[in-house]
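So the chains spell out like this:
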Amino acid sequence: MTRAPVMREALVLGISLLSAMAAGSLLILALGESPAHVYGLLLRSTWGDSYGVGQVLFKSTPLIFTGLSVALAFRAGLFNIGAEGQLMLGGLAAALVGASLPAGAPAALALPLVVLAAALAGAVWGAIPGVLRACFGAHEVINTIMLNFLAAALVLGLGHEVFLPETTHTALVVEGARLPALGLAGSAANLSFILALVAAAAVWFYLARARRGFELRAVGLSPGAAENAGVRVRATWVAAMATAGALAGLVGCNFVLGYKHYFEEGMGRGAGFMGIAVALLGRGHPLGVVLAALLLGTLSHGGMAVNALVPKELVDVLQAVIILAVAASSAALDRGAGRAGQ
Amino acid sequence: MSTTDDAVLALSGVSRAFGAVLANDRVDLRVTRGHVHALVGENGAGKSTLMRVAYGELRADGGEIRLKGELIPRERHSPREAIRRGVGMVHQHFMLVPTLSVVENVVLGREPLRRGLLDLAGPAGALRELSRRFGLEVEPRARVEELSVGERQRVEILRVLWQGCDVLILDEPTAVLAPAEVRRLFGVLADMAASGLAVVLITHKLDEVCALAERVTVMRQGRVVDELDGRVVSAATIARAMVGREVLLRVERGPRGAPPGAATLLRVDGLRVTRGEGTDAVSDLSLVVKAGEIVGLAGVEGNGQRELVEALVGLRPQAAGSISLAGRELSRLGVGERLAAGLGHVPEDRLARGLVLDFSLEENLALGRQGEFCGWFGLDRRRLRVEAIRLLAEGDVRPAEPLACARALSGGNQQKVVMARELSRPAARVLLCAQPTRGVDIGAIEHIHRGILAARGRGVGVLLASADLPELLALSDRVLVMFKGRVAGQLAGAELDAPGAAERLGELMTGAGGAT
């Protein structure tokens, strides 16, 4: 029973990658370049040396967090379009808390505090649409989208008070609140990547093993049956959205704590929406999310390297074709497998 | 006038597979004019598949389909083609647009135009004529969402008739109907057959077959295993052909009545439950269920039985009154706490409430018991697996495969999973059973009835809400009849065995019985 779905997922991904490469090849040929050359360069610049690897990991980290965020909400039957706003506020919170600590604060104390601040800010922002859904039946898709705008406005409004004069960023966080780099040839990859992997493992455990995760999946698949089994459906919605928000909020670790050491307006922009694609590519499974984030991270960094030969928008095309192909081929396979029974 | 050659619908050697499962295996079937032809078999026997193949909804993998003697190429067959050649099908699940009127639904897809504009007056007149001719009363201008289930079914049948048909296929038409509506429908179908139509009736209710059908085709595991004459065979003969073994249509039970000195387990006092609009669904209702007692709950659908059971489980808020289990007040508790306190619930809506269809069987068996299987390191999958294997074997669930998806099971086996789970709760003292055998095949019914009686034997109190009077009469120690949200009367002990017990219940159900 478990083997078949794994094979199917692999098939979906294989078909999608091949069709994306085929479409990309046509485009490259039309631009007068050699596909083999371009793809070779794309691979060498990403997985060919430790700097490239580091940059890929750095670009994948936010996508893992937002992918997990969307996937977790999705398993509860909710669509979190709000990772964008949640990650903004998470980053801002981490930066403000990190900057307000005393300069000599030890890392053992400062790091948990700032990471917690990022998660908490995201969780609060995520919980709002959860509560609105649970109490008033307001649809979370609309509300998460609206809260993205609110978050952006909030950042600008607060920025007036907290940004350094004449800039759009906050003060530096104290030494103790910084996540060390992974030491990959000066790349931006930092400990956040490991944190993201830990988060993926935690989400996997939660969904597969934890009691609340079991209940969350039941709510996502059949709220009526879950309620009948004594699960508190509304509370589960709120908890799922809050957890999804916390995961998105952790994106702040990568930029603020691990790279720039301050929060800057526009930081991480787009990662929230890309999280939807990552969750789709990863088929809602934490391991799938990590792999999908690495794939999109590779394309994102590889795009810079091939920019000399072809416009870097090529990777946007590749990305788009992969996502479309995954959506289409999995639907086609579902249909092909047919509905068993009568 | 019908010779052996004028079959309006003839299938020969038709096969159809779903993945590895052969749903139809070289099936032959001939349907002729002027007859009601019953297609019977357990859930999963391939009846619906066969008819959907005939109707062109599913493509046959092999074999020939002839409509009025003309061979229809497999790859060209479609519902459109079927309708054009006079074959109509009424599905088990209605396919109507609730916000449109009856006549709009009927013409949908083949709207008649007059001077380029939609003409509804013509079809409305035609519908009135058809309604009158076949006794299918329904107002053409009424909106479908305002109609009762029985009326909606009439709309479905009218749509097929309006399209013009020689063969009318009905898939489990009585599953949703009250007894009086069933009798009425059967009258209509008999008239249609008498007027020269061929009527194909998919069902697994044997009394229906015996009442109506002249020809009975019995299917089992995708094959036709018998062709019988419905006017002369007994229900037991058909049942044996369907299941492939002797079936007890009525399970053995001990004398009626709670054991002497049995403790009161469930006590409901002055319960009031309101519907969304503020009217009372249940008003000032009191009842008692003792240990080792099965209390039947009869009533025409919509008289508050559903709301009562849901309020007892905690799925629906109560407006007033008290509910106590072995002396413990439940009114303020949530569903989970009530389950922990000793309630079990077999919900009326198995697909929406009883199971998570995309969960595995073992996960479904853990629903509502998830706390029991959680240790320090999360869900204890190994213990769950052991328990699931035991419950699936005890519950006679097929396949007894813990990792099978609940969606893939037949209705009967799904219900066995729900029963097995609810009976397995360690703390269960009162079992609330709502329509436990609705849409379930007879082999499974026997098993479910045995399970309910076994629970009674263990001292569990059972509240059994059912629209199936024979079921209530067979199992209950007492039967309460609900009418307009109140208990209109009760029959207990010997009264249930007395001749005319069913008629007495019927009177109470329609409010004609007065207070007892």
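Reading the values: rules and limits
Residues numbered from 1 in each chain as written. Chains lettered and ligands numbered in written order. Predicted model: local features only at pLDDT ≥ 70, side-chain atom pairs only at ≥ 80, totals over all residues. Heavy atoms only, no water. Helix = DSSP H or I, 4+ residues; strand = E, 2+ residues; numbered from the N terminus. Rg over C-alpha atoms; globule rule 2.2 N^0.38 Å. Buried < 20%, exposed > 50% of the residue type's maximum accessible area, 1.4 Å probe, protein only. Pairing = 2+ DSSP bridges. Salt bridge = Lys/Arg side-chain N within 4 Å of Asp/Glu carboxyl O. Contact = heavy atoms within 4.5 Å. Buried area = accessible area lost by both parts, 1.4 Å probe. Polar contact = N/O pair within 3.5 Å; in protein donor to acceptor, adjacent residues only side chain to side chain. Nonpolar A, V, L, I, M, F, W, Y, C, P; charged D, E, K, R; others polar.

Trainee: Which parts of the structure should I look at to understand the overall build of chain A?
Mentor: Helix and strand counts for chain A stand at 14 helices and zero strands. For chain A, the N- to C-terminal ordering of α and β elements is α-α-α-α-α-α-α-α-α-α-α-α-α-α. Taking 2.2 N^0.38 as the reference for a compact globule, 342 residues should give roughly 20 Å; the C-alpha atoms of chain A span a radius of gyration of 21 Å, in line with that estimate. Its C-alpha atoms put chain A at 60 × 60 × 35 Å along the principal axes. Expressed as a percentage of the 342 residues in chain A, the buried residues total 52%.

Trainee: Looking at this structure, I do not really get the sheet that holds strand β16 (residues 320-325) of chain B. What am I missing?
Mentor: Across a sheet, strands are paired by hydrogen bonds formed along the backbone, either parallel or antiparallel in direction. Residue and element names in this part refer to chain B. Overall, antiparallel pairing links the four strands, which are arranged β14-β13-β16-β17 in an open sheet. This sheet does not close on itself; its edge strands, each paired only once, are β14 (280-290) and β17 (328-329). Where strand β13 (residues 264-274) and β14 come together, seven bridges link them in antiparallel fashion. Directly across from V273, in β14, lies its bridge partner V282.

Trainee: What am I meant to see in the pattern of salt bridges here?
Mentor: When the charged atoms of two side chains lie near each other, side chains of opposite charge can form a pair. If you walk through the whole model with that rule in mind, you get 48 salt bridges over all chains. Among the salt bridges present, the one from K260 of chain A reaches E264 of chain A, with a minimum N-O distance of 3.3 Å. Assessed through its relative accessible area of 33%, K260 of chain A is described here as partly exposed. Taking the shortest distance from any N to any O, the salt bridge between R385 of chain B and E362 of chain B comes out at 2.6 Å. On the criterion of sequence distance, the pair formed by R385 of chain B in helix α13 (residues 381-394) and E362 of chain B in helix α12 (residues 361-366) is long-range, its members being 23 residues apart. The network of salt bridges with shared partners includes R217 of chain A together with E362, E363, R381 and R385 of chain B.

Trainee: Would you mind going over the interface of chain A and chain B with me for this structure?
Mentor: Note on interface size: it is often stated as the accessible area lost on association of the parts. Each partner contributes residues to the interface: chain A has 22 residues there, and chain B has 36 residues. Between chain A and chain B, roughly 2,500 Å² of surface is buried when both sides are summed, and carbon and sulfur atoms account for 59% of that area. Where R217 of chain A meets E363 of chain B, a salt bridge forms, and the shortest distance between an N and an O atom there is 2.9 Å. Taken together, the connections running from chain A to chain B amount to 10 residue pairs in polar contact (both at pLDDT 80 or more). Breaking the side of chain A that touches chain B down by element, the ones donating at least two residues are α7 (192-208), α8 (211-221) and α9 (223-228) of chain A. When residues in the side of chain A that touches chain B are grouped by element, the largest group, six residues, is from α8 of chain A. Its residues assigned to classes, the side of chain A that touches chain B shows 10 nonpolar, six polar and six charged.

Trainee: Please clarify how the environment of L475 of chain B should be interpreted in this entry.
Mentor: Residue and element names in this part refer to chain B. With respect to the helices and strands, L475 occurs in helix α16 (residues 469-475). Take L475: its relative accessible area is 0%, and that puts it in the buried class. Separated by 13 residues in sequence, L475 and A488 place their C-alpha atoms 20 Å apart. Those residues in contact with L475 that sit more than four places away from it in its chain are V251, R253, I294, H449, I452, L453 and L464.

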